[in-house]
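The chain contents come next:
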Amino acid sequence: GGGPFPLVALDGLAVRGLAWSATGELAVAADRDGTERWQLYVRRADGTVAPLAVSEEHRVQHHLSWNAWSPDGGLLACSTNARDPADVDVAVLGRDGSSAGLLVAGPSWHVTGGWSPDGLRLAVMRVRDNLDQDLLVVEPATGDSRLITPTDGGAQQVPAGWLADGYAGREFGRINTDLTTKF
């Protein structure tokens, strides 16, 4: 019961993205004045709010997917241009904001696509341009990655999530879905 109340209040910032963890924590991406320089904060289960990935003067973008938390709530995957402002890499953070390092880096825009149900793999979309995208499956424990959509360019491919039995779904273009790849 009762009326609505704000879960997260960040002075001078607008919340743009949310990701709930299995442990009850809420990661939020927020920016100042619509700059799209998203910084990451976490609302702990006890209601306190703390920075997770915040750059000086908000120079770095941190992209947050709705399914950014690992299934056990111990790790958070995000995309960031901290290494190079022209590129977006995938980083993994601990619940306390400690960095587990860059998982995928390089001259592209990399977007997290969600954790496998067992938490052993992470789907990542590599965007070279709007019409040239690949999907990778990455093992955070080892850093090993595997290209699962080899193309000669010109394909739009978006991670569609994981099924409980480990199948990864992907969307081609805007209408077709293929759920045939087991990892």
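First, a word on scope: everything that follows refers to the structure included in this document. Quick caveat, the model's predicted, so the values are computed rather than measured. (Residues numbered from 1 in each chain as written. Predicted model: local features only at pLDDT ≥ 70, side-chain atom pairs only at ≥ 80, totals over all residues. Heavy atoms only, no water.)

Time to look at the layout of surface pockets. There is about 160 Å³ of room inside the largest pocket. Lining the largest pocket we find Trp 20, Trp 66, Asn 67, Trp 69, Ser 70, Pro 71, Gly 113, Gly 114, Trp 115, Gly 161 and Trp 162. At the level of elements, strand 9 (109-115) and strand 13 (157-162) are the ones that each hand at least two residues to the lining of the largest pocket. At three residues, the largest contribution of residues to the lining of the largest pocket is made by strand 9. (1 Å grid on protein atoms, 1.4 Å probe; cavity = no way out; pocket = protein on both sides within 12 Å on 5 of 7 lines; lining within 4 Å. Points joined across faces, edges and corners; volume = space filled by probe spheres on them. Helix = DSSP H or I, 4+ residues; strand = E, 2+ residues; numbered from the N terminus.)

As a further point, take the environment of Gln 39. Within the secondary structure, Gln 39 is located in strand 3 (residues 39-43). In sequence terms Gln 39 and Ala 105 are 66 residues apart; their C-alpha atoms lie 19 Å from each other. In this view, Gln 39 contacts Val 28, Ala 29, Ala 30, Ala 53, Val 54, Ser 55, His 58, Val 60 and His 62; residues no more than four positions away in its chain are not counted. Within the local environment of Gln 39, its side chain forms a polar contact with the backbone nitrogen of Ser 55, the two atoms lying 2.5 Å apart. (Contact = heavy atoms within 4.5 Å. Polar contact = N/O pair within 3.5 Å; in protein donor to acceptor, adjacent residues only side chain to side chain.)

Bringing the pattern of salt bridges into the picture now. The full count for this structure, using the stated rule, is eight salt bridges. Between Asp 118 and Arg 121 there is a salt bridge, with the nearest N and O atoms lying 3.5 Å from each other. Shared partners join several salt bridges into a network, and the residues in it are Glu 25, Arg 44 and Arg 95. (Salt bridge = Lys/Arg side-chain N within 4 Å of Asp/Glu carboxyl O.)

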